[in-house]
Amino acid sequence: MRIGIYICHCGTNIAGTIDVQALASYCGSLPGVAVAREYKYMCSDPGQELIRQDIRDHKLDRIVVAACSPHLHDKTFRNAVALADLNPYYFHMVNLREHDSWVHVDKLAATEKAMDLVRAAVRRVKWHVPLERRQVPIHSEVLVVGGGIAGIDAALTMANAGKHVYLVEREPTIGGHMAQFDKTFPTLDCAACILTPKMTAVKGHKNITLWTYSEVQQVEGYVGNYEVKVRRKPRYVIEGLCVGCMECIQACVFKQGKTLDEFNLGLSKRKPIYIPFPQAVPPVVVIDPEACIEFKSGKCKKTCVEVCAERNAIDFKQQEEIKDIRVGAIILATGFDVFDVTRIPYYGYGLYPNVYTSLEIERLVNASGPTGGEVVLRDGRKPQTVGIAHCIGSRDANTNKYCSRVCCMYSLKLAHLIKEKTGAEVYNFYIDMRAPGKAFEEFYNHVAEEGVNFIRGKLADVYPEGNGGGRLILKAEDTLLGMIRKIPVDMLVLSAGLEPRADSNEVRRLFNIGCSGDGFFLERHPKLAPVNTFADGIYIAGCCQGPKDIPDTVAQSGAAAAQALALIDAGVVELEPNTAYVVAEACSGCKTCIALCPYSAISFTDEKKACINEVLCKGCGTCVAACPSGSIRQNLFEDQEIFEEIEGILTYA
Amino acid sequence: MKPKVAFYWCASCGGCEEAVVDLDEKILDVANAVDIVFWPVALDFKEHDVERMPDGSILASFINGAIRNSDQLKMAKLLRAKSQVVVAFGVCAQLGGIPGLANLSDAKGIFAEVFGDGVAPVRFHKENGHSLSLPEFFDTVVALDRVIDVDYYLPGCPPTPKIIGDALGALLGSELPPKGTVLAPDQALCEQCPRKDTRPEKLLLKEFKRVHQVVADQQTCLLAQGLACLGPGTRAGCEAMCIRGNMPCTGCFGPTSRVRDFGAKALSALASVIDSNDEAEIARVLEALPDPAGTFYRYSLPSSLLGRRRME
Amino acid sequence: MDTRRITIEPITRLEGHGKIEIFLDGQGVVERAYFQVPELRGFEKFAQGRPAEDMPQITSRICGVCPTAHHMASTKALDALYEVTPPPAARKIRELVYSTFYVEDHALHFYFLGGPDFVVGPQAPAAERNVLGVIAKVGIETGQKVIAMRRRLRELMVLAAGKAAHPVFGLPGGVAKPLTAEDAARFREVASEAVDFARFTLGIFEKVVLQNSDYVDLILSDAYTHRTYYMGMVDEKNQVNFYDGMLRVVAPDGHEWARFRPDQYLDYIGERAEPWSYMKFCYLKGLGWKGFSEGEDSGVYCVAPLARLNAADGMATPQAHEAYLKYHATLGGRPVHHTLANHWARVVEMLYAAERMLELAHDPELTSPDVRTLPAAVPREGVGVVEAPRGTLFHHYKTDERGIITGANLIVATQNNAARIAMSVEKAAKKLITGGQVPEGLLNMVEMAFRAYDPCLGCATHALPGSMPLLVQVRDPRGAPLAMLRRDSDGSVHRE
Amino acid sequence: MPEAFEPKIVAFFCNWCTYLAADLAGTSRIKYAPNTRVVRVMCSGRVDPQFVLDAFAKGADGVLIGGCHPGDCHYQEGNYKALRRFVLLKRLVRQMGIEEERLRLEWISAAEGERVKTVVNDMVEKVRALGPRVPASRKEAA
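About the criteria used
- Residues numbered from 1 in each chain as written.
- Chains lettered and ligands numbered in written order.
- Predicted model: local features only at pLDDT ≥ 70, side-chain atom pairs only at ≥ 80, totals over all residues.
- Heavy atoms only, no water.
- Helix = DSSP H or I, 4+ residues; strand = E, 2+ residues; numbered from the N terminus.
- Rg over C-alpha atoms; globule rule 2.2 N^0.38 Å.
- Buried < 20%, exposed > 50% of the residue type's maximum accessible area, 1.4 Å probe, protein only.
- Areas by Shrake-Rupley, 256 points an atom, 1.4 Å probe, with all protein chains shown as cover.
- Lys, Arg positive; Asp, Glu negative; His and termini not counted.
- Charge placed at Lys NZ, Arg CZ, Asp CG, Glu CD.
- Axes fitted to C-alpha atoms, helices over the stretch in contact; angles between N-to-C directions.
- Parallel < 35°, antiparallel > 145°, perpendicular 65-115°, else oblique.
- Left-handed = near helix turned anticlockwise from the far one by under 90°.
- Contact = heavy atoms within 4.5 Å.
- Nonpolar A, V, L, I, M, F, W, Y, C, P; charged D, E, K, R; others polar.
- pLDDT = per-residue confidence, 0-100.
- Buried area = accessible area lost by both parts, 1.4 Å probe.
- Salt bridge = Lys/Arg side-chain N within 4 Å of Asp/Glu carboxyl O.
- Polar contact = N/O pair within 3.5 Å; in protein donor to acceptor, adjacent residues only side chain to side chain.
- Arc of directions from axis to C-beta.
- Pairing = 2+ DSSP bridges.
- Expected span 1.5 Å × (residues − 1).
- Bend = angle between axes of the 7 residues up to and from the residue.
- Phe/Tyr/Trp six-rings, centres within 6.5 Å; stacked < 30°, edge-to-face > 60°.
- Lys NZ or Arg CZ within 6 Å of the ring centre and 35° of its normal.
- Disulfide = S-S within 2.5 Å.
- Core = buried A, V, L, I, M, F, W, Y, C linked by side-chain atoms within 4.5 Å.

> Any chance you could break down the overall build of chain B for me, citing the residues and the numbers?
The number of helices and strands found in chain B is eleven helices and nine strands. Its C-alpha radius of gyration of 21 Å places chain B within 12% of the 20 Å reference for a compact globule of 312 residues. A total of 312 residues make up chain B; the buried ones form 67% of that total. For chain B, the computed accessible surface area is about 10100 Å², with 55% contributed by carbon and sulfur atoms. Treating the 33 positive side-chain charges of chain B as one cloud and the 39 negative ones as another, the clouds have centres 3 Å apart.

> Help me get a handle on the overall build of chain D, residues and values and all.
Within chain D, the regular secondary structure consists of four helices and four strands. Going from N to C terminus, chain D has its helices and strands arranged as β-α-β-α-β-α-β-α. Since a compact globule built from 142 residues should have a radius of gyration of about 14 Å, the 15 Å found for chain D is in line with a globular shape. Overall size of chain D, expressed as C-alpha extent along the three principal axes, is 50 × 30 × 20 Å.

> Report on the packing of helix α6 (residues 149–160) of chain A against helix α15 (residues 550–569) of chain A, specifying residues and quantitative values.
Residues and elements named next belong to chain A. Across the interface, α6 lies against α15 with an axial gap of 8 Å and an inter-helix angle of 40°. When the axis of α6 is compared with that of α15, the two are oblique. At the point where α6 passes α15, the crossing takes the right-handed sense. Residues Ile149, Ala150, Asp153, Ala154, Thr157 and Met158 of α6 form the contact with α15, whose participating residues are Ile550, Thr553, Val554, Ser557, Gly558, Ala561, Ala564 and Leu565. Considered class by class, the residues forming the contact of α6 with α15 number nine nonpolar, four polar and one charged.

> Talk me through the confidence of the model for chain D; I want residue IDs and the actual numbers.
All names here are of chain D. With 92% of its residues at a pLDDT of at least 70, chain D reaches an overall mean of 91. Confidence drops under pLDDT 50 across residues 136–142; counting only partners more than four residues distant or on other chains, this segment forms 21 contacts. Overall fold confidence (pTM) sits at 0.86, and the ipTM for the predicted complex is 0.90.

> Explain the interface of chain B and chain D to me, using residue names and the numbers behind them.
Across the boundary between the two partners, chain B contributes 43 residues, which contact 35 residues of chain D. Summed over both partners, the interface of chain B with chain D buries about 3600 Å², with 58% contributed by carbon and sulfur atoms. By the criterion of area lost to chain D, the three top residues of chain B are Asn277, Leu306 and Arg310 of chain B, representing 23% of everything that side buries. Put simply, chain B and chain D have two salt bridges between them. Between Glu99 of chain D and Arg310 of chain B there is a salt bridge, and its shortest N-O distance comes to 3.3 Å. The interface formed by chain B and chain D includes 18 residue pairs in polar contact (both at pLDDT 80 or more). Per-element tally for the side of chain B that touches chain D: the top contributor is helix α9 (residues 262–272) of chain B, with six residues.

> Lay out helix α2 (residues 26–33) of chain B in plain terms, naming residues and giving numbers.
All names here are of chain B. Along α2, the residues classified as buried are Ile27, Val30 and Ala31. Viewed along the axis of α2, the buried residues span an arc of 100°, placing them on a single side of the element. In this structure, the buried residues of α2 make contact with α1 (15–21) and α7 (161–172).

> Residue-level account of the sheet that holds strand β7 (residues 246–250) of chain C, with values.
Picture the strands of a sheet paired through backbone hydrogen bonds; they go either parallel or antiparallel. With mixed pairing, the four strands of this open sheet are ordered in space as β8-β7-β6-β11 (chain C). The sheet is open, and its two edges are formed by β8 (256–260) and β11 (301–302) of chain C, each paired on a single side.

> Run through the arrangement of the chains, naming residues and quoting values.
With five pairs of chains in contact, the largest contact count belongs to chains B and C. Looking at chain A next to chain C, you find no contact at all, with the nearest C-alpha pair sitting 22 Å apart.

> Help me get a handle on helix α13 (residues 413–432) of chain C, residues and values and all.
Residues and elements named next belong to chain C. In this model α13 runs 28 Å from its N-terminal to its C-terminal C-alpha over 20 residues, within 8% of the 28 Å that 1.5 Å per residue would give. Along α13, the sharpest kink reaches roughly 45°, centred on Ala419. In terms of burial, α13 is largely enclosed, as 17 of its 20 residues are buried.

> I'd love a proper account of the sheet that holds strand β12 (residues 225–232) of chain A, names of residues and values included.
Residue and element names in this part refer to chain A. If you trace the three strands from one edge of the open sheet to the other, you get β11-β12-β17, paired in antiparallel fashion. The sheet is open, and its two borders are formed by β11 (214–222) and β17 (321–327), each paired with just one other strand. Within this sheet the neighbouring strands show an average axis-to-axis angle of 20°, counted without direction. As defined by bridge partners, β11 adjoins β12 across eight bridges and the pair is classed as antiparallel. Considered in β12, the bridge of Glu220 is made with Glu227.

> Please provide a residue-by-residue account of the packing of aromatic side chains, values included.
Throughout the structure, instances matching the rule amount to 35 aromatic pairs over all chains. Seen in terms of ring centroids, Trp276 of chain C and Phe281 of chain C are 5.7 Å apart; in terms of plane orientation they differ by 55°. Their pairing is tilted. Of the two residues, Trp276 of chain C and Phe281 of chain C, both sit in the buried class. Stacked on the ring of Tyr356 of chain A, the Lys or Arg Arg378 of chain A has its end atom at 4.3 Å from the ring centre. Here Arg29 of chain D stacks its cationic end above the ring of Trp102 of chain A, 3.6 Å away from the centre of that ring.

> Let's hear about the state of the cysteines: which residues, and what values?
Evaluation of the coordinates by the stated rule reveals two disulfides over all chains. One disulfide in the model links Cys190 of chain A with Cys193 of chain A; its S-S distance is 1.9 Å. The sign of the 105° torsion about the S-S bond sets the Cys190 of chain A-Cys193 of chain A disulfide as right-handed. The disulfide partner of Cys17 of chain D is Cys68 of chain D, and the S-S distance across this bridge is 2.4 Å. Because the sign of the S-S torsion sets the handedness, a value of about 100° for the bond joining Cys17 of chain D and Cys68 of chain D places this disulfide among the right-handed ones. With a gap of 51 residues between them, Cys17 of chain D in the loop between β1 (9–14) and α1 (18–27) and Cys68 of chain D in the loop between β3 (62–67) and α3 (78–95) connect regions that are remote in the sequence. Using a relative accessible area of 8% as the deciding quantity, one classes Cys17 of chain D as buried. The buried category is assigned to Cys68 of chain D, whose relative accessible area is 3%. Of all cysteine sulfurs, the one in Cys391 of chain A lies closest to Cys408 of chain A, which takes part in no disulfide; the gap is 5.5 Å.

> Can you break down the pairing of strand β4 (residues 91–95) of chain A residue by residue, with the values?
Residues and elements named next belong to chain A. Of all five residues that make up β4, five are buried, and the element is covered over most of its length. Here β4 shows a buried face lined by Phe91, Met93 and Asn95 and a second buried face lined by His92 and Val94. Note: strand β3 (residues 62–67) against β4, five bridges, orientation parallel. Bridged to Val65 within β4 is Met93.

> Mind laying out the pattern of salt bridges, listing which residues take part and the relevant values?
Summed over the entire model, instances satisfying the criterion amount to 108 salt bridges over all chains. Between Glu98 of chain A and Arg97 of chain A there is a salt bridge, with its nearest N and O atoms 2.8 Å apart. By the burial criterion, Glu98 of chain A is buried, and Arg97 of chain A matches it. Between Glu647 of chain A and Arg123 of chain A there is a salt bridge, with the nearest N and O atoms lying 3.8 Å from each other. In this pair, Glu647 of chain A sits in helix α17 (residues 639–650) while Arg123 of chain A sits in helix α5 (residues 107–125), placing the two residues 524 residues apart along the sequence. Linked by salt bridges that have partners in common, Arg104, Glu106, Glu112, Arg115, Asp122 and Lys126 of chain D make up one network.

> Describe in detail the nonpolar core, supporting the description with residues and values.
In this structure, Phe208 of chain B together with Tyr98 of chain C are the most contacted members of the largest nonpolar core, which totals 270 residues. Broken down by element, the residue count for this core peaks at 16 residues, all from helix α4 (residues 88–119) of chain C. For Tyr98 of chain C, the contacting residues outside a window of four places in its chain are Thr68, Ala69, Met72, Phe242, Tyr243, Val386, Glu387 and Ala388 of chain C.

> A description of the packing of helix α7 (residues 181–210) of chain C against helix α8 (residues 213–220) of chain C should follow, citing residues and the corresponding values.
Residues and elements named next belong to chain C. Where α7 contacts α8, the axes come no closer than 7 Å and their chain directions differ by 90°. Classified by the angle between their axes, α7 and α8 sit roughly perpendicular to one another. Two secondary-structure elements touch here, α7 through Val208, Val209 and Leu210 and α8 through Tyr215, Val216 and Ile219. Among the residues forming the contact of α7 with α8, the class breakdown is six nonpolar, no polar and no charged.

If you want it as structure tokens, here you go:
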């Protein structure tokens, strides 16, 4: 056996803490080792070439690379090995950087640890056997979850590339939060104007199957071959028949809406039969069984049905529908929740009528909003003075530590719009003004020049004015003037931050991906794989990965789409061969393993033995550890290989 | 002339000798086929008779019992030198057997238990001019292959007449099995179990039962009835006698060739099928296995990865 | 004083080698002989921490020759521990299996071990003094009959107990499985064969031994006689019982010295250790340990066939009782103090066991499916006692409330006899070795002194052609060999 | 002299959570005791009790098993299988005279780099306090 060991300096990342020369010479002394080298950057082309050259020159038949985490470069080096006509699985990687040099300071201890780890790898790799990656065909369809701007954009990008896309949206319409906005910073172009064309494009696209009012229920399978169940909730209106004329809404026995309108955040009321907003896509009404008399008593005149007449689009008997689809890739664009401002009671939301959330103001300033674009107080008066408090639920140890990235800019936008529509005095209470994007700083200056007041200080308290005039006193320390300010206002706007969806944990488990500490979906690598997840073939885009503005969101959705396209256009996907297999002649048919497999990959054959379906097996190895007679083995993680690793760590070779 | 064969017994119960006698009528054929040159139990050729023999002059020595004292160690080494083939006969020689449970304690602990603080035996004793000696009693019981090189193993407590017969056949036959072979099927007992088909395909257990707590049904898989049957991890070859006796397998045939630590694997298999993901509930279910070491290492403690309890 | 030493090793015994050390004075007169047991396995220790229900299987590994005795004593200890009474069928299955085991075990001893000394003769060439010699004497078909009988009996045990060596059927409150009608039929068939076989064996004994005055004299000779106490298990009619009953001790003069429940054993039986043996020696507490001595005042007592017949007023089955009466009549009435009478007593017991087998095999209750009473009580302490072929066997467990053993005390049959065996060996040696001379036949005579007790592994002794050559080392006080006498398998003795 | 004693701890980390957490600890430059040696397995469910006992037999002073939090297993329930075995294995190990602090099962998610530090440091401290695991005395044979 001729083993080659390659120790990466990773610049000083490894060499700064681990004595790579000493390590290399130690490795050279290990039995079976023919070559032991250290090099500045093993992952670089010359580094990889070094390995390939040695394999040829020194007839190496096993390769150990001691560098960074295998999660980063396992594949890189396998391919390098393969290029030298050595089976890529005659290779093992040692994690000297993330697990050693980066986490230890004591150079001696770190070097000693490195020696243990490499020694273990050397013993292990001797037992490696040649393996073939399994190639499985990829389904060209794609699933996009979430119909906000991220999902819409990703869907269109892929549909335009000729891929069939299933776009699944939970609400009755796509559009997401963006559809609720009036204008967008910093350019102040109206959200609807730029969004609705895309929405209709989705509706009309021959490559897109749009399922609104629907949710993903189950996900099985693996990269390239995901089997997904989608639950289509009944809207009691047949999508194919409804043309969105909305006459039924007019005709409803309710003359006035009685139900709080979700789209307008309860600032207006809607009827039992309704459409979220005029430009909703699909332009199809929905019936709310909670509110509808027909559902409650069955004694409704059903004027809606009359007016719908021969179109017959209304169907009170409609049942939920389960759709089974098979897709090659999945893009998650499930967006965010707005921070619930009632979690900070002293801002008085819900207590004082004229405390609003930023999103409510978005609706008020919106021409198609509940007030037709009039910014008025609950009693209809125009506000004279308005306070806008930044960082509500952000940058705060008690709520969320992170910065929500968009609040500063949309607060500026709202300040501008309120001033424009009401001429009121506007006071912005901010901690830091964050305007890092393109033309952001300019926008800040512009708004400042308009005469919006900026107070550098966190809003500390809110209480009603003593004279009962209904105004609110906003108390804050102006850290620039170094004095306490008490500003009486008619209206307070709370710039709520962005949070992970309340159900993001369920969703992440559904798709078998991870969450980072803040609860947003975890990307495979913060820099190099920002839209990938640890589940191959599942990508993330937009605010489900973290707070971001529309341009960044769209950029990410494009990136996710590109990743999915690249995957699909490869036609096939190579699966790691780390599957478990039964040694048939050894198996006694005790069946211990069968109940343990989470993928039902193990079956009981007519020969009364266990048998593992290689395609269904994902290689967790649980059955291997459980098999009482040692008759199940796992490629890449054979008992022998692991025992060798243990022995290598603990005993001197 | 007939090939020479020796039998010797170390720390064992004599059941292995009985197993030889259980060859019944066949015993006479064996006696005719070979020349038994050493068998303290039956013939009193002495240690130095063996010493006088040329090295390798014995075809095969069948040694049963674990190694527990200095006499046994001495004899094992002597026989190894004189024999072409050494067979570890029975589970005590193969894995340590039940005498190996002594490794949960040590010489000190055992003497204290057996003799208390009264008179206790000593290795060398003088009494009115008569000096008497006893062999050294080791702290740790070990399997035969820990002290000498072993060629073959005959598992079981005791081995069945069938596998003994087969083994003798193999040894007297033309080509020998590969060194280190355990002379029994290399599959788990379920393969031979008459109740194999009655185990559900997906068996998960909410409850384990101790044998005295239930009246076991005579047809269905004992594990399916919640009894800790070790058949799934135990080498076949006994024809499932205990199960036919309506009692769970306790593992006397030891592990298959693919397992390093019988107990660890048996433990893993049993624990894995507990139908709960709640730690407290799992612990409750496992109360019915009050003695993991004694249950999973009943016959194999000395040859387990840890070998013995670590004494303070 | 110039002392010489004679070492006889190994003699065989249950837990390993036995060893006899004989010390001669300057005149070559035996000064002292020691019967040593150099083996110890510490079951009492490693029983601790084990679940009580595992004990029947664990403790059977104390002895692979009489595993059924340990299994049974242990199982009965579990009954007591969990305060459960097995259903009638279970109790009968247990006693049936036990009786079956008895016939097999006693037969083995008579034909393979003890028998040859008489059937072939103590002075006969050693090469013939073994089972083949017996076969030669009584005919080949008898030999086959013996082997076949043993096989059939062991097959029955597998049928009911799972395994013959190390049974698995014992559970607190019953047995693991009931017997089917077919099983019972098989038992009936073999049982009646067993009765015939036992009577046939008794016939051989009477013909070969009792009709030979030399043998009778030998049995009655002082070399093999000790006046000690005797213990055995008896039923309510004071008849011999192997499986259950009261323990009865009779004095050297035959009067009942004690009659007690097995769980009271600690009040009656003491154990003591000697620094030169790993085996503890038992004695009667009431009398105390007076050293290796016989008589009314010494606590030394004896168990096994001789003792059982001494301790009982008769046998519970007709044919065996008849044999019992004849036995005592011939040997001068109870108690019989002649060690070698064990052989005869053993055959009487074999007949009883066979008759008992037959009775139980015909019992209609035997095949009842109800063979378990599930334990309900909280376990604390339990004693289980049976008469093993080699004597009274005690298993005593203490547990915590989960039934995990916290303490175990085991007194195995041969321990009860240990002191008397040591005395027998010494007496034989003293009588037979004089002037340092080791006359022909000495060695087998010495052997006979312990073989009569049937030390367990003796069962396998003589199981193969070739007798048991012995070697006597004659050493000076410093242990340097002076002379080596060996008796080869052909029986001839050489000085080396 | 326990202060001179540096315990060696063999760690079995699952590929998807704990191993990544250790990677994250690295990228976050979190510093912790250099006493662990990680063996990567795909899932904590792959950790055969034989591996744990072998590590102890070969002289490990401690064994740490790291898996995904309950409900988060990349393979759905592998970590629960690990838990089931662990509960029993821990009792066995105790019977074999090995202190419980030497064997640990911890749930550490890919996001919990900090937790790798706290767990490892804590375990190293406890094991260091226990002192070396001298191999069982073997007085049987030369």
